[in-house]
Amino acid sequence: MSVRVRIAPSPTGPLHIGTARTALFNYLFAKRMGGTFILRLEDTDVARSTLAYEQDILDGLHWLGLEWDEGPEVAGLPARGPFGPYRQMQRLDRYSAAAEKLLAEDKAYHCYCSQEELAADKAAQEAAHQPPHYVGRCAQLSPEQRAAREAEGRRPVVRFRVGEGVVAFDDIVRGHVEIDKTALGGDLIIVRSDGTPLYHFTVCVDDTDMEISHVIRGEDHLSNTPKHILLFQALGADVPQFAHLPLILNPDRTKMSKRKSQTAVADYRAQGYIPEAFVNFLSLLGWSSGTEEEIFTLDELAERFSLERVQSGGAVFDRERLEWLNGQWIRKLTDDELVERCLPFLVTAVEVAAGPSGSSRTPSAEDLRSLMPMVRERMSTLAAVGPLLDFLFVDQLSVEPDLLVPKRWDAPTTAEALTAARGIIAEVGQVSFEADELEPPLRALAEERGWKAGDLFMAIRVAITGKTATPPLFDTMVALGYERTLERIDAAREALTGL
RNA sequence: GCCCCCAUCGUCUAGAGGCCUAGGACGCCACCCUUUCAAGGUGGAGAUCAGGGGUUCGAAUCCCCUUGGGGGCACCA
């Protein structure tokens with residue numbers, strides 16, 4: 001039996017962390033088992049589905065490297081796979097055929113209950129402390145009764161007969177699960193009164209048609225699984241294997257949500273997280289290799305993954321850990337790769353630093369390439385290049401005057417030190433402006449005047465960068481250039497006289 | 001309310017009866033390196049394995065109960 005798994009996102013919002021993790025685990029399982037990974041778009045909620053969301057989801061999956069083997073036509077690319085269409089709105093005839101079949105076999109029936117009747121039932125059940133369920137008012141209507149309701153102009157929904165008893169299944173991650181049918185809420189609606197099918201039904205029809213062998217999804221679907229099993233059986237289909245993954249949680253241990261966490265994959269991407277780290281991080285939410293290694297590429301994960309090693313308790317999304325992993329992965333990239341990925345972040349950071357009226361030079365790939373060695377181990381996200389280098393490209397540096405004076409110093413000392421340092425720097429620059437040439441004479445100056453070298457360097461650092469945390473000072477001076485280094489020191493001296 | 005699931009350091013986890021006086025990682029603290037910030041190195045604090053009963057010569061590991069947490073109960077997906 002071949003392994004066929006799917007990810008079935010609904011384009012009613014941007015790609016969510018939880019969907020991405022589910023996609024990843026399905027992908028890894030398929031790769032590991034030599035199976036097929038399928039993408040199916042569940043777009044039957046026409047009111048909330050948009051093309052923009054669909055594009056965001058597709059972009060996100062591509063970004064993560066989760067290429068699907070079968071899927072719909074998207075953005076000009078043709079559909080792939082023999083089980084299409086892979087878009088639910090193109091499968092409506094399949095659902096109505098399946099519904100007709102269930103109706104014909106009396107496994108489903110037309111229900112004419114109004115929203116008001118249903119609401120009243122629910123209220124009564126609540127008052128009686130009973131679980132909400134459909135009372136079965138239309139379960140045994142005679143042809144005459146049906147005709148009477150039709151005559152009133154009522155449009156029926158299709159309800160699936162749930163019956164009595166217990167549904168049991170063996171979940172790959174949770175083990176044996178049994179749920180009594182009375183907990184299912186009564187006969188469930190599979191087709192709306194407007195004729196459009198509902199989620200639980202479409203999933204089962206599609207999974208059957210697409211010969212899905214394993215349904216790997218979030219734990220929030222565990223309670224729905226009996227409904228699906230019943231539907232599969234009624235459809236005369238083989239019931240797939242189920243594996244319910246632990247939920248990804250907010251810090252307060254509730255299901256991860258937009259309200260309490262950042263849930264859109266695109267937002268992390270925009271903040272400079274890289275896919276290698278993101279995939280690695282996601283893989284560790286609910287799964288572990290069983291060894292003490294934890295840095296893995298997508299391919300390495302695919303070699304090691306198994307559903308048996310999936311955790312059953314929920315996992316809090318820990319941003320600090322993601323950030324650490326991101327830094328690890330950034331340091332693994334080559335300079336060229338890093339330059340390519342960082343450049344857009346640097347460019348916008350420079351624009352922001354220059355301000356709406358300020359002028360600046362737009363950094364090039366060559367610029368960044370030469371600066372890479374001094375920043376790469378200082379970045380945990382791509383966006384971190386910004387504050388590390390933006391001051392090199394803005395024409396007018398704005399420095400907080402108070403910052404100019406090192407902690408142990410006062411303004412006159414600082415001015416004096418900058419003046420002395422300027423002289424030395426100017427002198428060195430006459431011959432060759434290099435980091436190795438600058439450091440010894442400046443250290444000598446500090447010694448001579450009885451200053452701590454660190455204080456002197458800090459004064460210069462702030463003067464030329466406007467910041468107290470920067471890449472190594474002498475490299476920074478060289479990167480800035482002789483002229484501009486002196487200009488900025490002069491500007492700082494001037495600013496100091498005002499203090 | 002009803003049903004289901006879950007439960008090891010703050011967080012992610014290792015652990016499938018003796019190897020556990022519970023291991024690793026993130027974070028935190030200290031020290032080293034050091035011109036700042038990082039990175040790196042070393043060390044440390046941090047979990048009576050939710051609690052209580054069993055089973056067993058022996059339990060974090062098996063069973064039961066309690067407690068706590070979460071999820072699901074739509075003409076949403």
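Computed from a predicted model, the values in this text were never measured in an experiment.

Conventions used here
- Residues numbered from 1 in each chain as written.
- Chains lettered and ligands numbered in written order.
- Predicted model: local features only at pLDDT ≥ 70, side-chain atom pairs only at ≥ 80, totals over all residues.
- Heavy atoms only, no water.
- Salt bridge = Lys/Arg side-chain N within 4 Å of Asp/Glu carboxyl O.
- Helix = DSSP H or I, 4+ residues; strand = E, 2+ residues; numbered from the N terminus.
- Buried < 20%, exposed > 50% of the residue type's maximum accessible area, 1.4 Å probe, protein only.
- Near = heavy atom within 4 Å.
- Polar contact = N/O pair within 3.5 Å; in protein donor to acceptor, adjacent residues only side chain to side chain.
- Nonpolar A, V, L, I, M, F, W, Y, C, P; charged D, E, K, R; others polar.
- Axes fitted to C-alpha atoms, helices over the stretch in contact; angles between N-to-C directions.
- Parallel < 35°, antiparallel > 145°, perpendicular 65-115°, else oblique.
- Left-handed = near helix turned anticlockwise from the far one by under 90°.
- Contact = heavy atoms within 4.5 Å.
- Pairing = 2+ DSSP bridges.
- Phe/Tyr/Trp six-rings, centres within 6.5 Å; stacked < 30°, edge-to-face > 60°.

(A) View of the pattern of salt bridges. Using the criterion set out here, one finds 36 salt bridges in the structure. Measuring nitrogen to oxygen at the nearest pair gives 3.6 Å for the salt bridge that ties Glu219 to Arg174. Remark: Arg174 occurs in the loop between strand E5 (166–171) and strand E6 (175–180) and Glu219 occurs in the loop between strand E8 (214–218) and helix H7 (225–234); sequence separation between them is 45 residues. Given the relative accessible area of 22%, Arg174 is considered partly exposed. Linked by salt bridges that have partners in common, Arg6, Arg40, Glu42, Arg91, Arg94, Asp206, Asp207 and Asp209 make up one network.

(B) Geometry of the protein's contact with RNA strand B. The environment of RNA strand B is formed by 65 residues, the closest being Arg192, Gly286, Arg378, Arg443 and Arg461. Within 4 Å of the protein, the contacting atoms of RNA strand B are 74% sugar and phosphate, with bases supplying the remainder. A distance of 2.8 Å is found between a sugar or linking oxygen of RNA strand B and a side-chain nitrogen or oxygen belonging to Asp45. A distance of 2.6 Å separates a phosphate oxygen of RNA strand B from a polar backbone atom of Gly286. Within the residue set of the surface near RNA strand B, elements represented by two or more residues are E6, helix H6 (199–209), strand E11 (315–316), helix H11 (319–332), helix H17 (453–465) and helix H18 (473–480). No other element matches H11, which puts five residues into the surface near RNA strand B. Per-class residue counts for the surface near RNA strand B are 24 nonpolar, 20 polar and 21 charged.

(C) The arrangement of the packing of H6 against H7 in detail. Following both chains from N to C, one finds H6 and H7 inclined at 50°, their axes separated by 9 Å at the closest point. In terms of orientation, H6 and H7 fall into the oblique class. Regarding H6 and H7, the two cross each other, and that crossing is right-handed. From H6, Tyr199, His200, Phe201, Cys204, Asp207 and Thr208 reach across to H7, where they touch Lys227, His228, Leu231 and Phe232. Each residue belonging to the contact of H6 with H7 can be placed in one class, and the counts come to five nonpolar, three polar and two charged.

(D) Structural view of the pairing of E5. A one-sided burial pattern is seen for E5, the buried positions being Val167, Phe169 and Asp171 and the unburied ones Val166, Ala168 and Asp170. Two strands pair when backbone bridges link them, and E5 and E6 are joined in this way by six bridges, in the antiparallel orientation. Following the sheet pairing, Ala168 is matched in E6 by Glu178. Here E5 folds back onto E6 in antiparallel fashion, the turn holding three residues.

(E) Fine view of the packing of aromatic side chains. Under the defined criterion, the tally for this structure stands at 13 aromatic pairs. Ring centres of Phe169 and Phe242 lie 5.9 Å apart, and the angle between their planes is 65°; on these two criteria the pair is classed as edge-to-face. Of this pair, Phe169 sits in strand E5 while Phe242 is found in strand E9 (residues 241–245), placing the two residues 73 residues apart along the sequence. With respect to burial, Phe169 and Phe242 carry one shared label: buried. A ring pair is formed by Trp409 and Trp451, whose centres lie 5.4 Å apart and whose planes are at 50°; its orientation type is tilted. Here the residue Trp409 occupies a position in the loop between helix H14 (385–389) and helix H15 (411–431), and Trp451 occupies one in the loop between helix H16 (435–449) and H17, the gap between them amounting to 42 residues. Here Trp409 and Trp451 have matching classes, each one buried.

(F) The arrangement of the environment of Ser370 in detail. Among the structural elements, Ser370 can be located in helix H13 (residues 365–375). It is 9.5 Å that separates the C-alpha atoms of Ser370 and Val339, two residues lying 31 residues apart in sequence.

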